[in-house]
Amino acid sequence: MLSALVAAIVGLAVGGAVLLRDPRRSVHVLFATFAFNVAVQRLLHFLGSTQESGSLLRWAAMLAAVSLPATAQRFFRAFLGDEAGPPPMSRITLAGAVVLYLALLSSLFLTTPVHTNQWFYLGLLTYVFLGLYLSVYYLYRRYRRTPSRVEKIRLLYLLIGGLATVTAAALDLVPWMPSLGNILITIYLYFLSQTLVRYRLLDLNELLGRMVVLAALASIATLIFGLLLIKLVDLNEIGLLFLNALIASTAIIIVFEPLRALLERVVNRWMFQEKYELFRRIESLRTDLMNVIDVRDLVPRVLSALEDSRRVTHASMYIVDPDGSAYDLIGHVGPRPEGRIDAVAHRGFLERLRRAGVVSVEGLERELLALRNRQGEEREALLLVVRALELVNGSVVLAILGEEQLLGMLVLRDERLREAYSSEEIELFRSVAASIGVTLQNSQIYERMKERDRLAALGQMAAGLAHEIRNPLGSIKGAAQYLQPVEGQQPEGSTREFLGIIVEEVDRLNKIVSQFLDYARPYRGEQSPLDVNDVVRKTLNLIERERSGSHVEIVMNLLDGLPPVRADAQQLRQVILNLTLNAFDAMPQGGRLQVTTSLRRSTRRGAAAAFLEIRIRDDGIGIPLADLRNLFIPFFTTKEKGTGLGLPISQRIIENHGGTIEVRSQPGSGATFTVLLPVEADAYASYAEARKSVPPGMRKPTSATVSPK
Ligand code: ADP
């Protein structure tokens, strides 16, 4: 019987706690109403249990019991959403309550009160329990309808718990059955309140942990009660009992928080070795990360610590590209996920990650469920995010942030466990992502990103300046030409020579400024399907004629039958020219220039099916490592008369075509510049089709060698 009192106190406590959390949320208010209802009913039941059947306390306990189905149903419907229960059922429940209330009220005026009648009591109990089972049925309906696997399993716990609690409470009424009802009521109310304040359903591990803690606390409370009640052998002194109850609950409340924390720690360690292990490892990983500066060190450490924690089967890390266009895979355990996440194609996902810090399958499923009846952009956007998560093969993705920018992401998944990660664990992983963010910020990548931003701003300024310079240049040249003596007149000393210098230098300056403006102004050109081999051949012939004095041997390996590429012929010629002239400059004593075209299958999904490669390779002086980084920065040059704009312009052009330029070089052993141009899916398909009909032996490059002059 004492357990009824405990249930009452816990009911009051959890109802109050939930209400205190956020009294503005209606589901909190409804839960508190239900919990208070249970508490009052249990209290009245406890107080009335020693009294004869007609007593006022028993009457009041019945009154409280009658409202239980209504308060329970109201709460569960608000908690589970509208589809959980049809409104007519709640109307019937309400009507039943009104009838029973009226009957109970009539007892006050009748000489033989209704509530002492056995049949009436039986009817009342039937109503109450049927009503409570109806709430459990709501849970069942919601369980059947939810599409989310994770949510389903958690609803199942809630459902089984509810069924067990109502059944145990009903069985309490059978005299020879062990009375478990109050204990289950206590636990279930607590469980519900935890589910509410955590805003998500708990998983089995968390639930078990919390229940063990609660059971331990309940036993301690019962012990305190027992000790206090030893002296009260006769229970007539109700006043004293109340006093004791007050003392006991005060005692519980005082020891509750510290004791709970302690018990949770001990229980976690003892029952959930795995989870405890994870906490420990993550802690040590974080201390470890404080000393790491190099990203190459960081990745294996993080991944192996996660793998050792036995809480992940898939883990991977992505880091932003130097130019911010994509996120590259830099390490993984488990099966290999997508190697590159394009920043534009997955903007929605990346932006959400940046803002929320974490994206989980579970959260997305919940949002999709809320939008299930709606079509439209919002849902489409959400589905795209889900697809991105599939691409990186994760159930949780954590943002690695630095000054509000998304520097990278940490992707995790555990396929052995049906439940996703608990919120506690996600918090833990977030702390790791935060540490990685700090390390990255301290690393070179971050420096490079900052440099990129700085250069972008500088570039804009310079473009403005170039415009301003061009106009006076025109006037200077015009004036100088005006002063120059007309052909046939006597030259006046060195005037002619100096004026010549002015005009020449103005022309040079003008060329630099024009080139720079070309670079600064994004221009797409006239793109049409081109035979790249043809462009390469023509450009090289031109160079061969121009540089006929150099001792450079040009070797062409152009693969026959390549698919056409959409490009601007003029611009492509300029790129090949820039790269080839650089190669000539790198081989002042002569050497060999190899130009190769071929096809590279794409590994990127969603982008081009393949890339056409133009590889320009020299065996000249090569590029020192320190310079390699600066090649594409405007005005970087090592040549006396260089402009430092050839490579940046080439890069800009190729980027406008959706391609990239790769560089590989060793000082002393030459350099290789590779231009990659995307091949459209259709063009690639007909190319692949055509290839099928060519026997493998015939697929050879055509070579043309231009011998040294
Ligand atoms: P510029 O040729 O006017 O200097 P670029 O942007 O074309 O400007 O090249 C920048 C620098 O890159 C060059 O000054 C040179 O140091 C280096 N470079 C480019 N291509 C090569 C190459 N094939 N071999 C060695 N160094 C190269």
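Below or above, wherever it landed, is the structure these notes cover. (Residues numbered from 1 in each chain as written. Predicted model: local features only at pLDDT ≥ 70, side-chain atom pairs only at ≥ 80, totals over all residues. Heavy atoms only, no water.)

## Points about the overall build of the chain
Helix and strand counts for the chain come out as 22 helices and 14 strands. Accessible surface computed for the chain: about 37800 Å², of which carbon and sulfur atoms make up 58%. (Helix = DSSP H or I, 4+ residues; strand = E, 2+ residues; numbered from the N terminus. Areas by Shrake-Rupley, 256 points an atom, 1.4 Å probe, with all protein chains shown as cover.)

## With respect to the site of the ligand
What surrounds the ligand is a group of 20 residues, the closest being Asn582, Thr637, Thr638, Lys639 and Leu647. In this structure, an oxygen atom belonging to the ligand sits 3.4 Å away from a main-chain N or O atom of Gly646. Measuring from an oxygen atom of the ligand, one finds a backbone N or O atom of Leu647 at 2.8 Å. Protein chains bury 92% of the 530 Å² of accessible surface belonging to the ligand in isolation. When contributions to the shell around the ligand are tallied by element, the ones reaching two or more residues are α19 (569–586), α21 (646–656) and β13 (671–679). Along the lines of polarity and charge, the residues of the shell around the ligand split into 10 nonpolar, 8 polar and 2 charged. (Near = heavy atom within 4 Å. Polar contact = N/O pair within 3.5 Å; in protein donor to acceptor, adjacent residues only side chain to side chain. Nonpolar A, V, L, I, M, F, W, Y, C, P; charged D, E, K, R; others polar.)

## Section: helix α12 (residues 347–356)
Buried within α12 are the following residues: Phe349, Leu350 and Leu353. Around the axis of α12, the buried residues are gathered within 95° of arc, so they sit on the same side. For α12, exposure combined with an orientation more than 90 degrees from the buried face picks out Arg347 and Arg355. Lining the buried residues of α12 we find β2 (326–333), β3 (340–342), β4 (358–360), α14 (377–391), β5 (396–402) and β6 (405–413). (Buried < 20%, exposed > 50% of the residue type's maximum accessible area, 1.4 Å probe, protein only. Arc of directions from axis to C-beta. Contact = heavy atoms within 4.5 Å.)

## A look at the side chain of Thr674
Here Thr674 lies in strand β13. A relative accessible area of 6% means that Thr674 is categorised as buried. Apart from residues no more than four positions distant in its own chain, Thr674 is found in contact with Arg600, Glu613, Ile614, Arg615, Thr660, Ile661 and Glu662.

## Some thoughts on the pattern of salt bridges
Under the definition given, this model contains 17 salt bridges. Put simply, Glu553 and Arg592 hold a salt bridge, and the shortest N to O gap is 3.3 Å. Of this pair, Glu553 sits in strand β8 (residues 552–559) while Arg592 sits in strand β10 (residues 591–601), and the two are 39 residues apart along the sequence. For Glu553, a relative accessible area of 21% gives the class partly exposed. Residues joined in a network through salt bridges with shared partners are Arg600, Glu613, Arg615 and Glu662. (Salt bridge = Lys/Arg side-chain N within 4 Å of Asp/Glu carboxyl O.)

## Looking at unusual backbone geometry
For Asn393, which is not a glycine, the phi torsion comes out positive at approximately 60°. Its place among the elements puts Asn393 in the loop between α14 and β5. One non-glycine residue, Phe635, adopts positive backbone phi at about 75°. Looking at the element boundaries, Phe635 is found in the loop between α20 (625–628) and α21. Here Phe635 falls in the partly exposed class, since its relative accessible area comes to 43%.

## A word on a nonpolar patch on the surface
On the surface, a cluster of nonpolar side chains totalling about 660 Å² of accessible area is made up of Leu56, Val98, Leu102, Leu105, Leu108 and Phe109. Structurally, Phe109 is set in the loop between α4 (87–106) and α5 (118–145). (Patch = residues over 30% accessible without salt bridge, like charges linked within 9 Å, V, L, I, M, F, W, Y side chains within 5 Å.)

## Side note on the packing of helix α18 (residues 532–546) against α19
Their axes nearest at 9 Å, the elements α18 and α19 cross at an angle of 50°. Classified by the angle their axes make, α18 and α19 are oblique. As for the relative orientation of α18 and α19, their crossing is right-handed in sense. For the pair α18 and α19, contact is made by Val532, Val535, Val536, Thr539, Leu540, Leu542 and Ile543 and by Ala569, Leu572, Arg573, Ile576, Leu577, Thr580 and Phe584, respectively. Per-class residue counts for the contact of α18 with α19 are 11 nonpolar, 2 polar and 1 charged. (Axes fitted to C-alpha atoms, helices over the stretch in contact; angles between N-to-C directions. Parallel < 35°, antiparallel > 145°, perpendicular 65-115°, else oblique. Left-handed = near helix turned anticlockwise from the far one by under 90°.)

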